[in-house]
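# Structural characterization, general
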Amino acid sequence: MITKKMSSHPVSVHADLFSKDKYYSMSKERWEGIVECKKRFLNDKDYDPFECPYMHPDIAASWIRSRKMGVDPHQPYLGRILKKDEFSHILDKNRLLIEISKPLVNSFKSLAISSAYGFYLADNKGVFLLHEGEMLSLPIDASLIGMVWDEKTVGTTAHSLSLLHSCPFHVAGIENYCVGLENIIASAAPIQDDNGKTIATFVLAQMLIDEPWRESYQKYCSNTLGLITAISTAVESQLKLQRSFTSLKMANETLEATLALIDEGIITIDQNGTIIYCNEEGRKIFRLSPDEMDARNICEFLSEESTLVAMATRGESGIVEETIYIDKSDEQYIINIQPIMDEDTQELDVALLTINNVGKINAITTNRAGAVARFTFGDIIGESDVVKKAITKGQYYSRAAENILLIGESGTGKELFAQAIHNRYCSSGPFIAVNCAALPRELIESELFGYEGGSFTGADRSGRPGKIELAEGGTIFLDEIGDMPFELQAVLLRVLEDKQVMRIGGRRYKKVDFRVVAATNQNLNSMVKERLFREDLYYRLSVLTIAIPPLRDRNRDPELLANYFVKKYCKKMGRKVPQFSTGVLEIINGYNWPGNVRELENAMIYSVINADGEMINVLDMPEDIVSKGNFKPSLETITHNFEEEKTGDFPSLTDIEKRAITKALTKTEGNVILAACLLGISKSTIYRKLKEYDIPH
């Protein structure tokens, strides 16, 4: 007796379909047993088809499901009609499957017509996508009206079981759930995707014209099931190939699109140097049309001394700097060579070359190294006439390409002006700053002009570009130019005149397009007279001159700058911005500021750190600034800096003086001289007051 439990193991049962067991073979006894079982099942709602020893367990389970879903076994019209729009969408979704299946179905068309067979392709929902043959013609091509045959609409069928269990199935006449299909025998096989998911089924059906227990029927079962399985397998293979081709095509298209967007030249060459492939940027570099690539050789564009092709042929990868000659012009490029060798012959198959303009590489290098001009003329703070005049002159001079000399004391903001000039003239280019006073004498030449590999002990193997080369397309800022060694001034002059540079150990000059902004805190005119600076270089650098005024000549600019620096530092540290006391403002506006803006900024940072509350007082400022100041605090200053006792009566001047001296001594830890500086009085005066007020010290 077969139990229901067997239906929960479809794999072993389905394997039996390909062997001559009692579920595959059809005897008269089995046929009549199934007929009787079907009759009882349809007339008796309590009858369990699993009780019939002749029933295939998966078919029995399907009968039960069909009845529970309310499928009418006596329905006159089979299936469910789909609307035109719905069916059209399904056809579009399965377009590739249909296109692949159609030729296979057409190849069996004559067989289907001559033997009254019907070929059907159904999707994983039971919607018929294709039909060929004379049997059970379906209106799925004429008016785009689709038809669904699934377990919910027609109950048990070969293709519904094949979809459900993802394996081939054969259903004979009476085993179909609907009475209208009892004269049809069908074999179905699933079509699966790359993940093993069933996406459709192929069905081969025929009218039952002979007793199913005859030998011809047994041959039919074997042949049709094998045939339909072979067709499904063929469709699966074609789908896989098509998907692989489509994926490869999409990958190629994506690669082409990606390479077209890359701003580097990418080309491939063979062992003779013939250009095989060139992306859009590469075609721009070599000025090639798409039709020219196969007919051009990269050697046409390189110098006779170039070792690029030889390196690639030997299988050597590396980075070389090459001059590319096109239409009587030449430009420097950095080329990365990546050879791909044949595994069998170890000869060059192709070499991949990545090509970048030297100027672009230099700009990237300098940007990563922090050589970026951050300031503009809008960042220069000042309301004094002298600084406004310097800004106006800088804005005007920045329009020209001539060299500019900035003259000013240390800390006045010469580099700030240099960056502003650069950003107004060529902001997209690199800004290279060189402090001529900070570089060791023996290194300044290699730093400025660069060197070739192996030109001296310790040199990089591949060489290194100098600061002037790195300034290609931008600005080189030569700070403290007066400290440049005299013997190198002639070399610098030649570079400025010719706009060409030769590296140490090099044999050829390289063209470099750059602008020079130089700065000094020395009197170059006097140095020229003393033969400490070359006169011709001085005139070359000082085509345009801007004097940057010291802070002491800038009226009330120190207060503006002080407020700016305090706010900037407090924002950085997440602190509330304190106010200045009257005494602090007197110091800021009255102090000489020999260190100029740089000294003022440091003083404000020191004061913010030392301030206890919401006010910066005199005692919070650097002691050397307070002690060296020439300011004379007024009575208002003293009373503002030291809290009054709220006694109800206004304190006398004597009380104020005693309290001020006492607090100053406390702040200076008993240092009488420094306390006198804080109070703005002389040493003799404070000693006299200490004695007068009997203040211990």
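Please refer to the structure placed before this passage.
Residues numbered from 1 in each chain as written. Predicted model: local features only at pLDDT ≥ 70, side-chain atom pairs only at ≥ 80, totals over all residues. Heavy atoms only, no water.

A few words on the overall build of the protein. In terms of helices and strands, the protein carries 27 helices and 23 strands. Counting only residues that meet the buried cut, the protein has 46% of its 697 residues in that class. Across the protein, contacts joining residues at least 24 apart in sequence account for 63% of those joining residues at least 6 apart. Surface summary for the protein: the accessible area is close to 36,600 Å², and the carbon and sulfur share equals 50%. (Helix = DSSP H or I, 4+ residues; strand = E, 2+ residues; numbered from the N terminus. Buried < 20%, exposed > 50% of the residue type's maximum accessible area, 1.4 Å probe, protein only. Contact = heavy atoms within 4.5 Å. Areas by Shrake-Rupley, 256 points an atom, 1.4 Å probe, with all protein chains shown as cover.)

In the structure shown here, the tally under the stated rule is 11 aromatic pairs. With centroids separated by 5.5 Å and ring planes inclined at 70°, the aromatic side chains of F128 and W149 adopt a geometry described as edge-to-face. Here F128 is found in strand β3 (residues 128–133), whereas its partner W149 is found in the loop between β4 (146–148) and α7 (151–154), with 21 residues between them in sequence. Cation over ring: K499 sits above F514, and NZ or CZ is 5.0 Å from the ring centre. When the ring centre of Y425 is taken as reference, the NZ or CZ atom of R515 above it lies at 4.4 Å. (Phe/Tyr/Trp six-rings, centres within 6.5 Å; stacked < 30°, edge-to-face > 60°. Lys NZ or Arg CZ within 6 Å of the ring centre and 35° of its normal.)

Glancing now at the sheet that holds strand β8 (residues 265–269). The strands that make up a sheet are held in pairs by hydrogen bonds between backbone atoms, and each pair lies either parallel or antiparallel. One open sheet accounts for five strands, arranged β9-β8-β12-β11-β10; its pairing is antiparallel. Two strands in the sheet have a free side with no partner beyond their single neighbour: β9 (275–278) and β10 (318–326). With direction set aside, neighbouring strand axes in the sheet form an average angle of 30°. The pairing of β8 with strand β12 (residues 348–357) spans five bridges and is antiparallel. Bridge assignment links T268 to a residue of β12, and that residue is L352. (Pairing = 2+ DSSP bridges. Axes fitted to C-alpha atoms, helices over the stretch in contact; angles between N-to-C directions.)

Let us look at the packing of helix α20 (residues 557–573) against helix α22 (residues 596–610). Direction vectors running N to C along α20 and α22 enclose 50°, while the axes themselves pass 9 Å from each other. What the angle tells us is that α20 and α22 run oblique. You can see that α20 and α22 cross each other, and the crossing is right-handed. Taking contact as the criterion, the partners of P558, L561, A562, F565, V566, K568, Y569 and C570 in α20 are, on α22, V597, L600, E601, M604, I605, V608 and I609. Tallied by class, the residues present in the contact of α20 with α22 amount to 13 nonpolar, no polar and two charged. (Parallel < 35°, antiparallel > 145°, perpendicular 65-115°, else oblique. Left-handed = near helix turned anticlockwise from the far one by under 90°. Nonpolar A, V, L, I, M, F, W, Y, C, P; charged D, E, K, R; others polar.)

Looking now at the nonpolar core. The biggest cluster of nonpolar side chains holds 38 residues, and the ones touching the most others in it are M55, W63, W149 and C178. Looking at this core element by element, the count peaks at five residues for helix α3 (residues 57–68). Residues F449, L470, L492 and V528 belong to the second largest nonpolar core, which totals 31 residues. (Core = buried A, V, L, I, M, F, W, Y, C linked by side-chain atoms within 4.5 Å.)

Quick look at helix α21 (residues 582–590) now. Every buried residue of α21 is accounted for by G583, V584, I587 and I588. All buried residues of α21 lie within an arc of 135° about the axis, which places them on one face of the element. (Arc of directions from axis to C-beta.)

Attention shifts here to the sheet that holds strand β13 (residues 404–407). Strand order across the open sheet formed by five strands is β14-β17-β20-β13-β21, with parallel pairing between neighbours. Of all strands in the sheet, those bounded by a partner on one side alone are β14 (431–435) and β21 (544–547). Between one strand and the next, the sheet's axes are offset by a mean angle of 20°, whatever the strand orientation. The sheet contacts of helix α13 (residues 385–397) involve β13, β20 (514–520) and β21, and relative to β21 the element is tilted by about 155°.

Further remarks concern the pattern of salt bridges. What the rule picks out here adds up to 21 salt bridges. When the shortest N-O distance is used, the salt bridge between R534 and D536 registers 2.8 Å. Relative accessible area serves as the criterion here: at 33%, D536 is assigned to the partly exposed category. Where R556 meets E559, a salt bridge forms, and the shortest distance between an N and an O atom there is 2.4 Å. Exposure remark for E559: the relative accessible area of 19% places this residue in the buried category. Here the residues in one salt-bridge network are E469, R503 and K510, joined through shared partners. (Salt bridge = Lys/Arg side-chain N within 4 Å of Asp/Glu carboxyl O.)

With that out of the way, let us pick up a positive patch on the surface. Together, K93, K125, K152 and K197 make up a region of like positive charge exposed at the surface. The topology assignment puts K152 in helix α7. (Patch = residues over 30% accessible without salt bridge, like charges linked within 9 Å, V, L, I, M, F, W, Y side chains within 5 Å. Lys, Arg positive; Asp, Glu negative; His and termini not counted. Charge placed at Lys NZ, Arg CZ, Asp CG, Glu CD.)

Turning our eyes to something else, we now look at the packing of helix α25 (residues 653–667) against helix α26 (residues 672–679). Where α25 contacts α26, the axes come no closer than 9 Å and their chain directions differ by 125°. It follows from the interaxial angle that α25 and α26 lie oblique. Where α25 crosses over α26, the two elements pack in a sense that is right-handed. In this structure, α25 uses A660, I661, A664 and L665 to contact α26, whose residues at the interface are V672, A675, L678 and L679. Here the contact of α25 with α26 is composed, by residue class, of eight nonpolar, no polar and no charged.

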